[in-house]
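Chain by chain, the residues run as shown.
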Amino acid sequence: MNFSKCWLDYKPLAEYEQEWLTLAVQCEGKIVSSAVREYKLAMKEMTGKGLDVINTPAEQGVNLKLDAELVSGQDGYTISVSGEKYEITGQSESGILYGVFHFLRLIRTGHLEELPVANTPEMPLRIMNHWDNMDGSIERGYSGESFFYKDYEILWDERIEQYTRMMASIGINAIVINNVNVHEKETYLITDRYLQQVKQYSDLFNQYGISLYTSVNFAAPMELGDFDNCDPLNPDVAAWWKKTVAHVYEVIPNFGGFLVKADSEGRPGPFTYDRTHADGANMLARALAPFGGTLIWRCFVYNCGQDWRDKKTDRARAAYDNFIGLDGQFDDNVILQIKNGPMDFQVREPVSPLFGGLKKTNMILEVEIAQEYTGQQIDLCYLLPMWREILDFDTYAEGEGSTVQKIVNGSVYGQTLCGMAAVINTGNDFNWTGSDLAAANTYGYGRMTMNPSLSSDVIAREWTELTLGSEVEQEIVPMLMKSWSTYEKYTSPLGIGWMVTPHYHYGPDIDGYEYDRWGTYHRADRDGLGVDRTPAGTGYTDQYNEPWRTVYADPETCPEELLLFFHYVRYDAVLKSGKTLIQHIYDTHFEGVEEVEEMIARWESLQDKLAEDVYERVHERMERQLANAREWRDRVNTYFYRKSGAEDAQGRKIYE
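Residues numbered from 1 in each chain as written. Predicted model: local features only at pLDDT ≥ 70, side-chain atom pairs only at ≥ 80, totals over all residues. Heavy atoms only, no water.

Asks: What am I meant to see in the overall build of the protein chain here?
Replies: Along the backbone of the protein chain there are 18 helices and 18 strands. Relative to its length of 656 residues, the protein chain is compact, with a C-alpha radius of gyration of 25 Å against a globular reference of 26 Å. Viewed in the frame of its principal axes, the protein chain has a C-alpha envelope of about 80 × 65 × 50 Å. Residues counted as buried form 62% of the 656 residues belonging to the protein chain. Sequence-distant contacts, at least 24 apart, represent 71% of the contacts inside the protein chain between residues at least 6 apart. Surface accessibility of the protein chain: about 24,100 Å² in total, with carbon and sulfur atoms responsible for 46%. (Helix = DSSP H or I, 4+ residues; strand = E, 2+ residues; numbered from the N terminus. Rg over C-alpha atoms; globule rule 2.2 N^0.38 Å. Buried < 20%, exposed > 50% of the residue type's maximum accessible area, 1.4 Å probe, protein only. Contact = heavy atoms within 4.5 Å. Areas by Shrake-Rupley, 256 points an atom, 1.4 Å probe, with all protein chains shown as cover.)

Following this line, the structure appears as C-alpha cells:
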C-alpha cells in the first residue's frame, strides 16, 4: 500500500476482464480528457497492460457517453453492463468523471455485482476549506505544512496534481485555497502579485470539475488601496471591489468566488461602520454577480469579549441572533456558511438552530474534518457518525421531515446554492493526514456529500478496502465506527465540551477556558455543573422550533447526551441509566480509556497483515492517544471528585 496515493493507490489485480482494456470515448472536453487519463492510469497500474482508446462505440469494452437527457440531475451518471459491454453515461463532463471513478472503485473493491447504478450528487456544492497560510503554516493543521505555499510563494509540483485527483475522485467541486483568517500577504492573492499562479491552480482544478475560491480580507480596500475605511455602503469601496473582481475574472474566467469571515475573532467587517452582515455580503456579491461568482459568508460571529461573570450573555446564541433578522435580505448569489453547532466543532453539540430558522437565504453546512477538538489526528476519531446525526436532525422548519440534509441539499426551499463545506485535514505529510486512519474522514466527507444517505459503516468499509485491504476490514471498520463515542467518553461529559488546553485545544484543562473572554464555560461548582440555556437562563432554547424548544428546555426530556449543554445539573441527580451524574462522569472516563486499550489490541492483531510503516505510524499515535485518554480520565475525575466529594461507587483510583 502506498499512502502517498491514499485511496488512489491502484494495486495490481490478480484477475481482470479483457474488455476493460478498450475505452470507447464518444464525447470530448477537458474534464472528459481527465476521465480518460484517470482510466488509463488505473488500468496500467492494475493490469500492467496498455489501453486501447477508440472513438466509436465498442461492443466489448467500456463506453463513455454524454447524454444530458438520458441522465437526470446535475453531474449525474449511470453505469450499466450488458455482456462484455459497459457504459458510463454522464449528464455532464463532471458526471462522466465521477462515473469513471465509481466504476474503478467497484473494480478495486470487487463489487461489480452492484451494476447497474444511477447516481446524482445530492449536495449541489461540495466544498473543501483550506486554512493554509502563505508562510507555509496551516491554522489547525495536524499533517505537516501547506502544500500550496511556502515562504509566501505559491508552490507547483506533482503533489498539487495528486491532491486535485483525490478531491475529484470523491466528488469535491469547489476548493478554497487559503485561510479564512486572511493575513497581510494573503490579501494580495486577488492582485497581480499572485493571480497568474492562482490561475494555474484554477486551470488544473477546472480540468477535474472543481472551482477555485479564495478567502478575502474584508478590509482589502484599506490594505491594498488608498482608503481610510471599508464601509460596504461607501460607493467608492464598492467600486474598488467591482474593479478588483473584474480583473480577477479577466485573468481567471472560471473563478468560483470568495469566502469571507467577518466581525469574528478580530476580523474586520461591516459592524465597524454600523452596517449589517447583509450590507457587507451583498456589496461583495454584487461585484461577483456579473461573472457568475458566488459569495460565501461565514456565520461564525460572536462577542469574543464575554465576561464570565455574566450568566445571560451566551456565545451559543450569537449566530442566530446576528442572522435570523436578515433572512431574505441577502442577494441570490450569497450563501451563509453555518457551522454544524452553535459553538465551535466540539465533540458533541446540538445542531445550529439557524438551519431551522432561515427560510429565504441560501445555506451551506460547515463541518470540520481537521480534528481540532477531536484528537488532532493523534487520537482516532471517525467523524462520519457525528455528521450523519447532524444531517438526520429534523429542524421542523416546514413541519416534520425538514432535516438538515433536506435543507442543505435544496429539497426544502428549492435552492441550488447550498450543500456542505469542510475544513480539510490535509498537509504535506507523506500520508497527507498525519495519521493514516485520519484519511477515512477526508474520503468519507466527499462520499457523504455525494451520497448523504450512504451509511457511515458502508463508507468506512469502502475506504478500508481501497487503502488497507479487505483482509483487515473486519477489524478496522468496528474501530472506526466506535472511535467517536470512545473519544467523547474520555473527554466531554454529556455535551459540556471545552475543557481543553487553551489555544492548542489538545489535552485536558478543565478550567482552561472557564474564566476567559471566549464564552466557553462549564459553570461547575460544589453541587453540580452545566449551563442553563432555558428561558430562565440564557434563553438559547427559544431559538429552536417546536418540539425541540420544549424538549431541550426540560431536563426530563432533553437528550442526555446534551444534558449539560442545556442545563445545570446536580452531581447527585439520577440519570436514565440509574446512575448519578457524578458516577456517570467517573464511569465514562474509565470506559473511554479501556476502549482505547481494546483499540490498540485490535490494531496489534493486524500487524502481520499491514505494511510495516503503516502499522508503526498508527501504533505510535495510538500509544499517544492512550496517554492522552489516561490524562483526561485522571484530571476530569479528580477535578469533579474534589468539587463534589463523591466517592466512586466502584472504588477505582481517583487522585485527591
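After that view, the rundown keeps rolling.
Asks: Whenever I open this one, the sheet that holds strand 11 (residues 211–215) confuses me. Can you help?
Replies: Hydrogen bonds between backbone groups are what pair the strands of a sheet, and the pairing can be parallel or antiparallel. If you trace the eight strands once around the closed barrel, you get 7-10-11-12-13-14-15-16, paired in parallel fashion. The average undirected angle you get between the axes of adjacent strands in this sheet is 25°. Strand direction decides the pairing type here: strand 13 (residues 294–298) and strand 14 (residues 334–339), joined by four bridges, are parallel. Counterpart to tryptophan 297 in the pairing with strand 14 is leucine 336. Sheet contacts for helix 12 (residues 439–450): strand 7 (125–129), strand 15 (362–368) and strand 16 (419–423); angle to strand 7, the most-contacted strand, approximately 160°. (Pairing = 2+ DSSP bridges. Axes fitted to C-alpha atoms, helices over the stretch in contact; angles between N-to-C directions.)

Asks: Please explain the sheet that holds strand 2 (residues 52–54) as it appears in this structure.
Replies: Taken together, the six strands give an open sheet; going across it, the order is 2-1-3-5-4-6, and neighbouring strands pair in mixed fashion. Each edge of the sheet is formed by a strand with only one pairing partner; in this case those strands are strand 2 and strand 6 (117–119). When strand polarity is set aside, the average angle formed by the axes of neighbouring strands in this sheet is 15°. Note that strand 1 (residues 22–25) and strand 3 (residues 61–66) share three bridges and pair parallel. Across the sheet, the residue bridging to alanine 24 is asparagine 63, located in strand 3.

Asks: I tried to follow the nonpolar core on my own but got confused; where do I start?
Replies: One broad trend across soluble globular proteins is that nonpolar side chains are buried collectively. Within the largest apolar cluster, 213 residues are counted, with the highest numbers of intra-cluster contacts made by Trp7, Met128, Met167 and Trp241. Looking at this core element by element, the count peaks at eleven residues for helix 18 (residues 612–644). Once residues within four sequence positions are removed from consideration, methionine 128 is found in contact with Tyr163, Met167, Ile170, Ile172, Ala174, Ile175, Val176, Ile369, Ala422, Ile424, Thr442 and Tyr445. (Core = buried A, V, L, I, M, F, W, Y, C linked by side-chain atoms within 4.5 Å.)

Asks: What is the right way to look at the side chain of threonine 47 in this model?
Replies: Its place among the elements puts threonine 47 in helix 1 (residues 30–47). A relative accessible area of 13% means that threonine 47 is categorised as buried. A distance of 2.6 Å separates the side chain of threonine 47 from the backbone oxygen of methionine 43, its partner in a polar contact. A polar contact is formed between the side chain of threonine 47 and the backbone nitrogen of lysine 49, at a distance of 3.1 Å. Apart from residues no more than four positions distant in its own chain, threonine 47 is found in contact with Tyr16 and Leu21. (Polar contact = N/O pair within 3.5 Å; in protein donor to acceptor, adjacent residues only side chain to side chain.)

Asks: When you look at the packing of aromatic side chains in this model, what are you seeing that I'm missing?
Replies: Describing an aromatic ring pair means giving the distance of the ring centres and the angle of the ring planes. Under the defined criterion, the tally for this structure stands at 38 aromatic pairs. Summarising the aromatic geometry, the rings of tryptophan 387 and tyrosine 445 are spaced 6.1 Å apart at their centres and angled 85° between planes, so their arrangement reads as edge-to-face. On the criterion of sequence distance, the pair formed by tryptophan 387 in helix 10 (residues 384–392) and tyrosine 445 in helix 12 is long-range, its members being 58 residues apart. Both residues of the pair, tryptophan 387 and tyrosine 445, belong to the buried class. Aromatic rings pair up to connect Phe147, Phe148, Tyr149, Trp156, Tyr163, Tyr201, Phe205 and Trp432 into one cluster. The cationic tip of lysine 339 hangs over the ring face of phenylalanine 300; the distance from NZ or CZ to the ring centre is 3.3 Å. (Phe/Tyr/Trp six-rings, centres within 6.5 Å; stacked < 30°, edge-to-face > 60°. Lys NZ or Arg CZ within 6 Å of the ring centre and 35° of its normal.)

Asks: I keep staring at the pairing of strand 15 and nothing clicks. Help me out?
Replies: Residues in a regular strand project their side chains so that they alternate between the two faces of the sheet. Where burial is concerned, most of strand 15 is hidden: seven out of the seven residues are buried. The alternating pattern of strand 15 places Asn362, Ile364, Glu366 and Glu368 on one face and Met363, Leu365 and Val367 on the opposite face, and all of these are buried. Note: strand 14 against strand 15, five bridges, orientation parallel. Bridging across to strand 15, isoleucine 338 finds its partner in leucine 365. Of the strand pairs in this sheet, strand 15 and strand 16 are connected by five bridges, and their pairing is parallel. In the sheet register, leucine 365 faces strand 16, and the bridge partner there is methionine 420.

Asks: Would you take a moment to explain a negative patch on the surface for this structure?
Replies: Where like charges cluster on the molecular surface, the negative patch consists of Asp135, Glu145, Asp151 and Glu153. You can see glutamate 145 is positioned in the loop between strand 7 and strand 8 (149–150). (Patch = residues over 30% accessible without salt bridge, like charges linked within 9 Å, V, L, I, M, F, W, Y side chains within 5 Å. Salt bridge = Lys/Arg side-chain N within 4 Å of Asp/Glu carboxyl O. Lys, Arg positive; Asp, Glu negative; His and termini not counted. Charge placed at Lys NZ, Arg CZ, Asp CG, Glu CD.)

Asks: Help me out: how do you make sense of helix 18 in this one?
Replies: An α-helical turn contains 3.6 residues, so any two residues separated by three or four positions project in the same direction. Over its 33 residues, helix 18 runs 47 Å from end to end, which matches the ideal 48 Å to within 8%, given 1.5 Å per residue. Count one or two residues on from helix 18 and you reach glycine 645, which has phi positive near 75°. (Expected span 1.5 Å × (residues − 1).)

Asks: Mind showing me how you'd approach the pairing of strand 16 here?
Replies: Burial of strand 16 is extensive: five of the five residues sit out of reach of the surface. Because side chains alternate across strand 16, one face comprises the buried residues Gly419, Ala421 and Val423, and the other comprises Met420 and Ala422, equally buried.

Asks: When you look at the environment of leucine 115 in this model, what are you seeing that I'm missing?
Replies: Note on placement: leucine 115 falls in the loop between helix 2 (93–109) and strand 6. Residues leucine 115 and serine 82 lie 33 residues apart in sequence; the distance between their C-alpha atoms is 10.0 Å. In this structure leucine 115 touches Ile79, Val81, Tyr86, Phe103 and Leu106, once residues within four positions along its chain are discounted.

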